[in-house]
Amino acid sequence: MLRVGSILGLLAIVVALAGCEASQLYVGADTVIGVNAGVNTERTAGHFIFGYDRNFATVIPKSVPGVKDNPDPNAREAMSALSCSKVTTDGIFLTGFKESLATGGAADAYARKIQQGQPTTMFSCFKQ
Amino acid sequence: MLSDSRQHTLNLAALTVSVAVFGATAACTIDNVGLLAAYQTHADGAVVIDVYSVGGDLRTSGGDAGLSAGAVRRSYVFSSDGVPPADDGWHFLTYPLPPSDPVALNATVIGLDVRAAAPEPGITLGYRATTVLARVAADQSVTQELAYWPDDPKRTRLRICKEPALC
């Protein structure tokens, strides 16, 4: 009984840690075989999986302060991000990843450079 | 009717299996300390630490917080800045943590996995492989390129550009 109580206590601590997470950008993949239940904290949506599921996703914060050219200090917009992903698979498993990523001001700067045809040593996936 | 020696052998085998199962389930790892084996590899701009453990595995750091029970393999990719190559190789029971947070991580769990970290806290019973290639705070401006094969850490390549105008 004491052991079950300890495990439940640990679970409560672990789950409580989830509430401390700041709003962040994520690029990631998840493969599940079995039973899985989860909650998406960004969309306040849940899911239940029985069997096999695989996904690859980028989660971008929808509300970031500081909108360019907007004098309102409370103005917010989605986070700027420039991303290029290449995933290698082997059967049902994801085995390799190539990820190029720029966020915030760097994303704006790279988007301008690419649009103007300026050379960059990053983001080879956007080169023609 | 089994002979005494045959019965003795069976008892010994059952005892061995019992001890192994009990040891595996009673073993515990908390962050980078516990019943674990870790292998550190230097790659191109990155350091990869593969951590293997069995039994309970509790992680308290923000991006990787959670609890697992079963067979666990966790792989962390760090920037190689400030990590001495002398630390490469096998480490047992604990391993040296690089000064910076991991850039990417890959976790494979067979058993029970409770994940507390965003974006999807959840619980899994069975097999779960999770890879996080980037985790960036909303107000951060970063540029990075990562090539990562979890089963072949030597091929890992990490480039971080601190000044977009120069890259």
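Rules behind the numbers
In this numbering scheme, every chain counts its residues from 1 along its sequence in written order. Chain letters and ligand numbers both follow the written order, the letters beginning at A and the numbers at 1. Reporting of local features is limited, given that this is a predicted model, to residues whose pLDDT is at least 70; pairs of side-chain atoms are given and counted only at 80 or more, and all residues count toward the totals for whole chains, interfaces and linings. Put simply, DSSP marks the helices as runs of H or I at least four residues long and the strands as runs of E at least two long, and each gets a number from the N terminus on. Working definition of a contact: two residues with C-beta atoms, positioned from the backbone, lying within 7 Å. Three exposure classes are used, based on other C-beta atoms lying within 10 Å of a residue's own C-beta, which is placed from the backbone: buried for 20 or more, exposed for 12 or fewer, and partly exposed in between. Here a nonpolar core is just a set of buried residues of the types Ala, Val, Leu, Ile, Met, Phe, Trp, Tyr and Cys, joined wherever their C-beta atoms sit within 7 Å. Under the grouping applied here, Gly and all other residues not named as nonpolar or charged are polar, the nonpolar ones being Ala, Val, Leu, Ile, Met, Phe, Trp, Tyr, Cys and Pro and the charged ones Asp, Glu, Lys and Arg. Pairing between two strands is assigned when DSSP locates at least 2 bridges connecting them. A residue's pLDDT is the confidence the predictor assigns to it, expressed on a 0 to 100 scale. Working rule for helices: expected span equals 1.5 Å times residues minus one. Note on method: axes are straight lines fitted to C-alpha atoms, helices fitted across the in-contact stretch only, with angles between N-to-C directions ranging 0 to 180 degrees.

**What about the overall build of chain B?**
Here's step 1: A tally of helices and strands in chain B yields one helix and nine strands.
Here's step 2: Taken from the N to the C terminus, the helices and strands of chain B come in the order α-β-β-β-β-β-β-β-β-β.
Here's step 3: Considering only residue pairs separated by 6 or more positions, chain B has 65% of its internal contacts joining residues 24 or more positions apart.

**Description of the environment of Ala129 of chain B**
All names here are of chain B.
Here's step 1: Within the secondary structure, Ala129 sits in strand S7 (residues 122-137).
Here's step 2: On the basis of neighbour count, Ala129 is assigned to the buried category, with 20 C-beta atoms found within 10 Å.
Here's step 3: Through-space distance from the C-alpha of Ala129 to that of Arg74 is 9.5 Å; in sequence the pair is 55 residues apart.

**Section: the nonpolar core**
Here's step 1: Of all hydrophobic cores here, the largest spans 40 residues; its most connected members are Ile49, Val77, Phe78, Ala104, Leu133 and Ala134 of chain B.
Here's step 2: Per-element accounting of this core gives the leading share, five residues, to strand S3 (residues 46-59) of chain B.
Here's step 3: What Leu133 of chain B contacts, discounting residues up to four positions off in sequence, is Val27, Gly28, Phe97 and Glu99 of chain A together with Ala104, Leu146 and Tyr148 of chain B.

**Considerations on the interface of chain B and chain A**
Here's step 1: On the side of chain A, 52 residues touch chain B, which itself brings 44 residues to the contact.
Here's step 2: Of all the secondary-structure elements, those providing two or more residues to the side of chain B that touches chain A are strand S4 (66-79), S7 and strand S8 (143-148) of chain B.
Here's step 3: Ranked by residues supplied to the side of chain B that touches chain A, first place goes to S7 of chain B with 16 residues.
Here's step 4: The class makeup of the residues in the side of chain B that touches chain A is 27 nonpolar, eleven polar and six charged.
Here's step 5: Here 15 bridges tie strand S1 (residues 24-40) of chain A to S7 of chain B, and the two strands are oriented antiparallel to one another.

**Section: the confidence of the model for chain B**
Residues and elements named next belong to chain B.
Here's step 1: For chain B, per-residue confidence averages 86 on the pLDDT scale, and residues scoring 70 or more make up 84% of the total.
Here's step 2: When mean pLDDT is compared element by element in chain B, strand S5 (residues 89-94) scores highest at 96, while helix H1 (residues 4-26) scores lowest at 58.
Here's step 3: Model confidence for the complex is summarised by a pTM of 0.79, with the ipTM given as 0.78.

**Focus on helix H2 (residues 104-115) of chain A**
Here's step 1: Over its twelve residues, H2 of chain A runs 17 Å from end to end, which matches the ideal 16 Å to within 8%, given 1.5 Å per residue.
Here's step 2: For H2 of chain A, the secondary structure elements touched by its buried residues are strand S5 (81-90) and strand S6 (93-103) of chain A together with S8 of chain B.
Here's step 3: Phi turns positive one or two residues past the end of H2 of chain A, at Gly117 of chain A, with a value near 75°.

**Focus on the sheet that holds strand S9 (residues 157-160) of chain B**
Here's step 1: Spatial ordering of the open sheet is given by S5(A)-S6(A)-S8(B)-S9(B), a layout of four strands whose pairing is antiparallel. One side of each edge strand has no neighbouring strand; the edge strands of this open sheet are S5 of chain A together with S9 of chain B. On average, each strand axis in the sheet is inclined to that of its neighbour by 5°, with strand direction left out of account.
Here's step 2: Sheet topology note: the S8 of chain B/S9 of chain B ladder contains four bridges and is antiparallel. For Gln144 of chain B, the partnering residue across the bridge sits in S9 of chain B and is Ile160 of chain B.

**Brief notes about the confidence of the model for chain A**
Residues and elements named next belong to chain A.
Here's step 1: Chain-level pLDDT for chain A is 79 on average; 79% of the residues reach the 70-or-more range.
Here's step 2: Per-element confidence in chain A is highest for S6, whose mean pLDDT is 93, and lowest for helix H1 (residues 2-18), whose mean pLDDT is 45.
Here's step 3: Long-range and interchain partners of residues 7-22, a stretch whose pLDDT sits below 50, account for 24 contacts in this model, where long-range means more than four residues apart.

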